[in-house]
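# Chain and residue survey
Listed here are the chains, written in short residue letters.
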Amino acid sequence: MTLAKHLSKIDLKSILNLIHGWPNDKLTWGDICEAAEPLVGKRPTRQSLNSHEEIVNAYQAKKTGLKTQGQREPRPSSLKVAVARNCKLESELAQVREQNRALKEMYVVWQYNTYKRGITERELNAPLPAIDRERTDREKR
């Protein structure tokens, strides 16, 4: 068994596209690892895939979609391509909805914590400080 290398952004995007466009009714981590091997160059482990939140969210959304909808693909080739694309887009949409839900939940927590500490909206909207690159160079000397 070989250890998986760290995944680049391109590898992550390839694996996400693989999950979104998964053609079968059954989806497992082992299947994803096997199918991702030609895309990544080495077989990633379940643990390395599971360490990326985007991949976990896509996997869970696809599993949920397969359980509730199943794969309903008509026989003609042109419709089959359209349905596969539609399934991929629905899977991506489910992932984006889950991310949006998590961000809204985080926003409510932040909103409460700022209220609790008396931080005003003006303080929250203050611009970021400018980066003084010359100061950083002087510190290194």
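These notes cover the structure that comes with them. This structure is a prediction, so every number in the text was calculated from the model and none was measured.

Cut-offs and rules
Residues numbered from 1 in each chain as written. Predicted model: local features only at pLDDT ≥ 70, side-chain atom pairs only at ≥ 80, totals over all residues. Heavy atoms only, no water. Helix = DSSP H or I, 4+ residues; strand = E, 2+ residues; numbered from the N terminus. Buried < 20%, exposed > 50% of the residue type's maximum accessible area, 1.4 Å probe, protein only. Contact = heavy atoms within 4.5 Å. Areas by Shrake-Rupley, 256 points an atom, 1.4 Å probe, with all protein chains shown as cover. Core = buried A, V, L, I, M, F, W, Y, C linked by side-chain atoms within 4.5 Å. Salt bridge = Lys/Arg side-chain N within 4 Å of Asp/Glu carboxyl O. Phe/Tyr/Trp six-rings, centres within 6.5 Å; stacked < 30°, edge-to-face > 60°. Patch = residues over 30% accessible without salt bridge, like charges linked within 9 Å, V, L, I, M, F, W, Y side chains within 5 Å. Expected span 1.5 Å × (residues − 1). Axes fitted to C-alpha atoms, helices over the stretch in contact; angles between N-to-C directions. Parallel < 35°, antiparallel > 145°, perpendicular 65-115°, else oblique. Left-handed = near helix turned anticlockwise from the far one by under 90°. Nonpolar A, V, L, I, M, F, W, Y, C, P; charged D, E, K, R; others polar.

Once that is clear, we can look at the overall build of the protein chain. Along the protein chain, the regular secondary structure elements total 7 helices and 0 strands. The order of helices and strands in the protein chain, counted from the N terminus, is α-α-α-α-α-α-α. In the protein chain, which comprises 141 residues, the proportion classed as buried is 24%. Counted over contacts in the protein chain with a minimum sequence separation of 6, partners at least 24 positions apart contribute 65%. As displayed, the protein chain offers around 11100 Å² of accessible surface, 54% of which is attributable to carbon and sulfur atoms.

A few words now on the nonpolar core. If you look at the biggest cluster of nonpolar residues, it comprises 19 residues, and the most contacted ones within it are Leu 7, Ile 15, Trp 29, Ile 32, Leu 49 and Ile 55. When residues no more than four places from it in sequence are discounted, the contact partners of Leu 7 are Leu 12, Ile 15, Val 40, Ser 48, Leu 49, His 52 and Ile 55.

To continue, consider the pattern of salt bridges. What the rule picks out here adds up to 2 salt bridges. Of the charged contacts, one joins Arg 101 and Glu 105 as a salt bridge, the two residues approaching to 2.8 Å between their closest N and O atoms. In this pair, Arg 101 and Glu 105 both sit in helix α5 (residues 77–116), 4 residues apart, roughly one turn of the helix. Where salt bridges share partners, they join Glu 98, Arg 101 and Glu 105 into one cluster.

So, about the packing of aromatic side chains. All chains considered together, the criterion is met by 1 aromatic pair. For the ring pair Trp 29 and Tyr 59, a centre distance of 4.1 Å and an interplane angle of 25° mean the geometry is stacked. Remark: Tyr 59 occurs in helix α4 (residues 53–69) and Trp 29 occurs in helix α2 (residues 29–40); sequence separation between them is 30 residues. Since its relative accessible area comes to 8%, Trp 29 is described here as buried.

Now for a nonpolar patch on the surface. Taken together, the side chains of Leu 103, Met 106, Val 109 and Trp 110 define a hydrophobic patch exposed on the protein surface, amounting to about 410 Å² of accessible area. When you line up the elements, Val 109 lands in helix α5. Judged by relative accessible area, Val 109 falls into the partly exposed class, the value being 44%.

What follows is about helix α1 (residues 9–20). The end-to-end C-alpha separation of α1 is 16 Å, in line with the 16 Å expected for 12 residues at 1.5 Å each. Inspection of α1 places Asp 11, Leu 12, Ile 15, Leu 16, Leu 18, Ile 19 and His 20 among the buried residues, and these make up the whole buried set.

To continue, consider the packing of α1 against α2. Interhelical geometry of α1 versus α2 gives an angle of 135° and a closest axis separation of 10 Å. Between α1 and α2, the angle is such that the two are oblique. Crossing geometry of α1 relative to α2 is assigned as right-handed. Facing α1, whose interface residues are Asp 11, Ser 14, Ile 15, Leu 18 and Ile 19, α2 presents Ile 32, Ala 35, Ala 36, Leu 39 and Val 40. Split into classes, the residues belonging to the contact of α1 with α2 amount to 8 nonpolar, 1 polar and 1 charged.

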